[in-house]
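Spelled out, the chains give:
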2 protein chains.
Amino acid sequence: MFRSHNFSAGPSILPTEVLQKAQAELLDYKGTGSSIMELSHRGPEYIEVDAQATARLKSLMGLGDDFEVLFLQGGASTQFMMVPYNFLGEGKTANYLNTGTWSKKAIKEAKLFGKVHIGFSSEDENFGRVPANHEISHLEGAEYLHFTSNNTIFGTQYRSEPESNDIPLVCDASSDFLSREVDVKRYGMIYAGAQKNAGPAGVTIVIIRKDFLAKARTENVSTILSYPTHVGTMFNTPPVFGVYFFNLVLEWIENQGGIKAVEQANEAKAAHLYAEIDKDDFYRGTAHADSRSRMNVTFRLPSDDLEKQFVKEAAALHLDGLKGHRSVGGIRASIYNALPRASVDTLVDFMVAFRSKNG
Amino acid sequence: MFRSHNFSAGPSILPTEVLQKAQAELLDYKGTGSSIMELSHRGPEYIEVDAQATARLKSLMGLGDDFEVLFLQGGASTQFMMVPYNFLGEGKTANYLNTGTWSKKAIKEAKLFGKVHIGFSSEDENFGRVPANHEISHLEGAEYLHFTSNNTIFGTQYRSEPESNDIPLVCDASSDFLSREVDVKRYGMIYAGAQKNAGPAGVTIVIIRKDFLAKARTENVSTILSYPTHVGTMFNTPPVFGVYFFNLVLEWIENQGGIKAVEQANEAKAAHLYAEIDKDDFYRGTAHADSRSRMNVTFRLPSDDLEKQFVKEAAALHLDGLKGHRSVGGIRASIYNALPRASVDTLVDFMVAFRSKNG
């Protein structure tokens, strides 16, 4: 079986074993004579899938009974709107940390529904870093503090949760969800589009603490946009195949030894790659050293032409998806959970050879 | 290969050939060494999928350059909100025809954003029929007339588009999309959750006429909820696998001979089933004869106990998904495009035997 070294930023590589399992039962789910895609979401098979995915996620992340898990649609871009729609309004303010393209989009939506305090911005430094705790300005009485835990485009990531002065954190964790342990008790809400570490595009995982959920507004709200609508029941047809696949990915994480084991593997992959970048000045990491992402490793070469050549020669070795985001250029190696260590090794070997030929 | 006779109302049966193709290339899409689920939505492979699906849909439905096609998320339940969010507002009114559970949900959302005129309601007749044209009350200057072309729960369906007095039709076509030819020029918008005739749950197909789209409000709108955001570009990550699968379903419809051929097969399947229901009083159709659905055939038996027995004995023959919606009871046979004629024949044979044993 031919599998490429897939460094795509998202949609991105999924565990081979999970794809194989999905493939094997695609036309006959557990002897039903139907695909999981063909079964009613109110039937026993899908209800079990939903319950398993919820239980596995809670167990893996250490989420207690004070958290609800929702499987929604529309990606983080929909959450950018739903969060302020539910938790802001006349006279209410939230604190947003502006660390990149996705943070900016979240801020734009929040301003439609309430007041926004910008507790930090690295925009005038081309988003090359995330804040240290002492740089964050706080606002008494803010409804929540919103941050983007990992910035795919600029290759930055918080080492740990930002200080929030006891205000609930709301996190867009789309691009490092399930890649490392998090301190769940500090969050009012964590949301993530699935298409990096969790499954195919089209499922959005929302984890919400009950006491935070209780503050969602309930007057004159659109049913589908209201978080309480989705708690404890399937309000509308969920993205069945996506949740099914997510459940298999969670099982795969269990088989890896849990999130801590996955985190250690991710650390090792990232360390190997950054060590090669830091060897001399041929490769230059674009993020500040203390803000570097373990998920998206962004770097430049001495010239645009060499970057083009790098992407082209890499692709010939099936090292795919290495071109940086169209808004910043350069090289981006996305090294999500499912990317094997062997793919990082192959990339580093190629980088060594490319430098020695062109450096 | 074991395939059940799948009469589920949705998610529901998909063409076996399409599932087989998706299965065959699930780990290696066209020699890339990646699943289509693992490829960037900005890459050439997915861009081609998106373009093919759009072109095929336009060709099959006879949609000219005056229509846009969007692939969104969140199902019809999200469109219930997006339609009035975009096209209603202070002082604006829309006409809604109330023919069942889904119509009512659409009306509830519309009232949050503007005024609603109820042009017809069959609620006091337990939604057993859709209106004749002369029963519809019109409203001068309405922004649109909204109707649900097929009502899955009550088993009713419009024979053709309702009269609208030149006001653009907006149609929730979720449960009969692509099952028959429609007069596209009468519509401002057609939307459908994919999970009946179009593919797996998680893709929403939106067809919108450009002159209608031009009336969408643009001031202070949430980016993701605004239709213009999604025209001509992928604003956010689409549900890649769902659109890929939808494209294969469209190819399958082409191979059946197009929508007209599918419609004829659907008519024949429905006629065979209704003929059995109408043979005597043992089975009783719940919808008025002139409002009967070709997609969801709903009927009762002489007693609740016999209905339970019917569902149980049918399941033993792999005639699955026949239990009526929890809100109305009885029997519901959903006979979507992908359900083979042989499955309807098997059901009818079973019905004959069941009557002769219990009638």
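Residues numbered from 1 in each chain as written. Chains lettered and ligands numbered in written order. Predicted model: local features only at pLDDT ≥ 70, side-chain atom pairs only at ≥ 80, totals over all residues. Heavy atoms only, no water.

*Asks:* I keep staring at the overall build of chain A and nothing clicks. Help me out?
*Replies:* The number of helices and strands found in chain A is nine helices and 14 strands. In terms of C-alpha radius of gyration, chain A reaches 21 Å, essentially the compact-globule figure of 21 Å for 359 residues. In terms of overall dimensions, chain A has a C-alpha envelope of 65 × 55 × 30 Å along the principal axes. Here chain A, with 359 residues, has 62% of them falling under the buried criterion. In chain A, 67% of the contacts between residues at least 6 apart in sequence involve partners at least 24 apart. Only carbon and sulfur atoms are counted for the fraction: they give 49% of the accessible area of chain A, which is about 13200 Å². Separation between the mean location of the 37 positive side-chain charges and that of the 43 negative ones in chain A comes to 4 Å. (Helix = DSSP H or I, 4+ residues; strand = E, 2+ residues; numbered from the N terminus. Rg over C-alpha atoms; globule rule 2.2 N^0.38 Å. Buried < 20%, exposed > 50% of the residue type's maximum accessible area, 1.4 Å probe, protein only. Contact = heavy atoms within 4.5 Å. Areas by Shrake-Rupley, 256 points an atom, 1.4 Å probe, with all protein chains shown as cover. Lys, Arg positive; Asp, Glu negative; His and termini not counted. Charge placed at Lys NZ, Arg CZ, Asp CG, Glu CD.)

*Asks:* Please clarify how the pattern of salt bridges should be interpreted in this entry.
*Replies:* Pairs can form between side chains of opposite charge once their charged atoms are near each other. Evaluated as defined, the whole model comprises 44 salt bridges over all chains. One continuous salt-bridge network, built from bridges that share partners, spans K21(A), R56(A), E251(A) and E254(A). (Salt bridge = Lys/Arg side-chain N within 4 Å of Asp/Glu carboxyl O.)

*Asks:* I would appreciate a short explanation of the relation of the copies chain A and chain B in the present structure.
*Replies:* Note that the two copies of the chain are related through a rotation about an axis and a translation along the same axis. The transform that puts chain A on chain B rotates by 180 degrees and translates by 0.0 Å along the axis, for an RMSD of 0.0 Å. One copy is carried onto the other by what is essentially a two-fold rotation axis. An overlap of 100% is found between the interface residues of chain A and their copies at the interface of chain B, pointing to a shared contact surface. (Least-squares fit on C-alpha atoms with pLDDT ≥ 70 in both.)

*Asks:* Which parts of the structure should I look at to understand the nonpolar core?
*Replies:* Nonpolar side chains tend to gather and get buried jointly when the protein is soluble and globular. Grouped together as the largest cluster of nonpolar side chains are 114 residues, with contacts concentrated most on F177(A), L57(B) and F177(B). Discounting chain neighbours no more than four positions away, the residues touching F177(A) are L57(A), M61(A), I190(A), A192(A), N197(A), A198(A), I205(A), I207(A) and F246(A). If you look at the next biggest cluster of nonpolar residues, it comprises 56 residues, including F212(A), L70(B), M82(B) and Y96(B). (Core = buried A, V, L, I, M, F, W, Y, C linked by side-chain atoms within 4.5 Å.)

*Asks:* What should I look at first to understand the interface of chain A and chain B in this one?
*Replies:* Size of an interface, as often reported, equals the accessible area lost when the parts are brought together. Tallying the contact residues gives 61 residues for chain A and 61 residues for chain B. The junction of chain A with chain B conceals about 4500 Å² of combined surface from both sides, 56% of it contributed by carbon and sulfur atoms. Counting the surface chain A buries against chain B, the share from its top three residues, L27(A), M37(A) and E38(A), is 16%. Connecting chain A to chain B are two salt bridges. Note that E38(B) and R3(A) form a salt bridge whose closest N and O atoms lie 2.7 Å from each other. Counting the contacts that link chain A with chain B gives 27 residue pairs in polar contact (both at pLDDT 80 or more). Contributing elements (two or more residues each) for the side of chain A that touches chain B: α1 (16–24), α3 (75–87), α4 (101–110) and α6 (240–256) of chain A. (Buried area = accessible area lost by both parts, 1.4 Å probe. Polar contact = N/O pair within 3.5 Å; in protein donor to acceptor, adjacent residues only side chain to side chain.)

*Asks:* Before we go on, may I ask you to explain the sheet that holds strand β14 (residues 331–334) of chain A in this structure?
*Replies:* Whenever strands of a sheet pair, they do so through backbone hydrogen bonds, lying parallel or antiparallel. All names here are of chain A. The strand order β11-β12-β14 describes an open sheet built from three strands, whose pairing is antiparallel. With one partner strand each, in any of the chains shown, β11 (284–285) and β14 form the two edges of the open sheet. Bridge count for strand β12 (residues 296–300) against β14 is four bridges, and the pairing is antiparallel. Across the sheet, residue T298 finds its bridge partner in β14, namely R332. (Pairing = 2+ DSSP bridges.)

*Asks:* Please explain the sheet that holds strand β3 (residues 93–98) of chain B as it appears in this structure.
*Replies:* All names here are of chain B. The mixed open sheet is built from seven strands, whose spatial order is β2-β10-β9-β8-β5-β3-β4. In this open sheet, the two strands that pair with only one neighbour each are β2 (67–72) and β4 (115–121). Put simply, the sheet's adjacent strands are angled 20 degrees from each other on average, direction ignored. Relative to β4, β3 runs parallel, the two sharing six bridges. From the neighbouring strand, N95 faces β4, where its bridge partner is H117. Where helix α3 (residues 75–87) meets the sheet, its contacts fall on β2, β3, β8 (169–172), β9 (187–193) and β10 (204–209), and the angle it forms with β9 comes to roughly 155 degrees. (Axes fitted to C-alpha atoms, helices over the stretch in contact; angles between N-to-C directions.)

*Asks:* How do you make sense of helix α8 (residues 304–316) of chain A when you look at a structure like this?
*Replies:* For an α-helix, the turn length of 3.6 residues means that residues three or four places apart are oriented alike. All names here are of chain A. For α8, spanning 13 residues, the distance from its first C-alpha to its last is 19 Å, which sits close to the expected 18 Å at 1.5 Å a residue. The secondary structure elements touched by the buried residues of α8 are β12, β13 (319–320), β14 and α9 (341–358). H318 sits one or two residues past α8 and shows a positive phi near 65 degrees. (Expected span 1.5 Å × (residues − 1).)

*Asks:* Just to check I follow, could you spell out the packing of aromatic side chains for this structure?
*Replies:* Each aromatic ring pair is described using two quantities: the centre-to-centre distance and the angle formed by the ring planes. In this structure the tally under the stated criterion is 43 aromatic pairs over all chains. A ring pair is formed by Y29(A) and Y244(A), whose centres lie 5.9 Å apart and whose planes are at 85 degrees; its orientation type is edge-to-face. In this pair, Y29(A) is assigned in the loop between α1 and α2 (44–61) and Y244(A) in helix α6, connecting sequence segments 215 residues apart. As far as the burial class goes, Y29(A) and Y244(A) line up, both buried. Judged by centre distance (5.7 Å) and plane angle (90 degrees), the ring pair of Y85(A) and F113(A) falls under edge-to-face. Remark: F113(A) occurs in the loop between α4 and β4 (115–121) and Y85(A) occurs in helix α3; sequence separation between them is 28 residues. Classification of Y85(A) as buried rests on a relative accessible area of 9%. Through a chain of ring-to-ring contacts, the aromatic side chains of Y29(A), F241(A), Y244(A), F245(A), Y29(B), F241(B), Y244(B) and F245(B) assemble into a single cluster. When the ring centre of Y85(A) is taken as reference, the NZ or CZ atom of R217(A) above it lies at 4.4 Å. (Phe/Tyr/Trp six-rings, centres within 6.5 Å; stacked < 30°, edge-to-face > 60°. Lys NZ or Arg CZ within 6 Å of the ring centre and 35° of its normal.)

*Asks:* It is not clear to me how the domain arrangement of chain A should be interpreted in this structure. Could you clarify?
*Replies:* All names here are of chain A. Assigned domains within chain A: domain 1 (16–256) and domain 2 (258–358). Placing a centre on the C-alpha atoms of domain 1 and another on those of domain 2 gives a separation of 27 Å. Each side of the interface is counted separately: domain 1 has 27 residues, and domain 2 has 26 residues. For the domain 1 face of the interface with domain 2, the top three residues by lost area are I153, R159 and E181, together amounting to 23%. Here K260 makes a salt bridge to E181, at a shortest N to O gap of 3.8 Å. Run the count over domain 1 and domain 2 and you get 15 residue pairs in polar contact (both at pLDDT 80 or more). Where the side of domain 1 that touches domain 2 is concerned, the elements lending two or more residues are α2, β6 (150–151), β7 (156–157) and α6. Here the side of domain 1 that touches domain 2 takes four residues from α6, the largest share from any one element. (Domains from an automatic or database assignment.)

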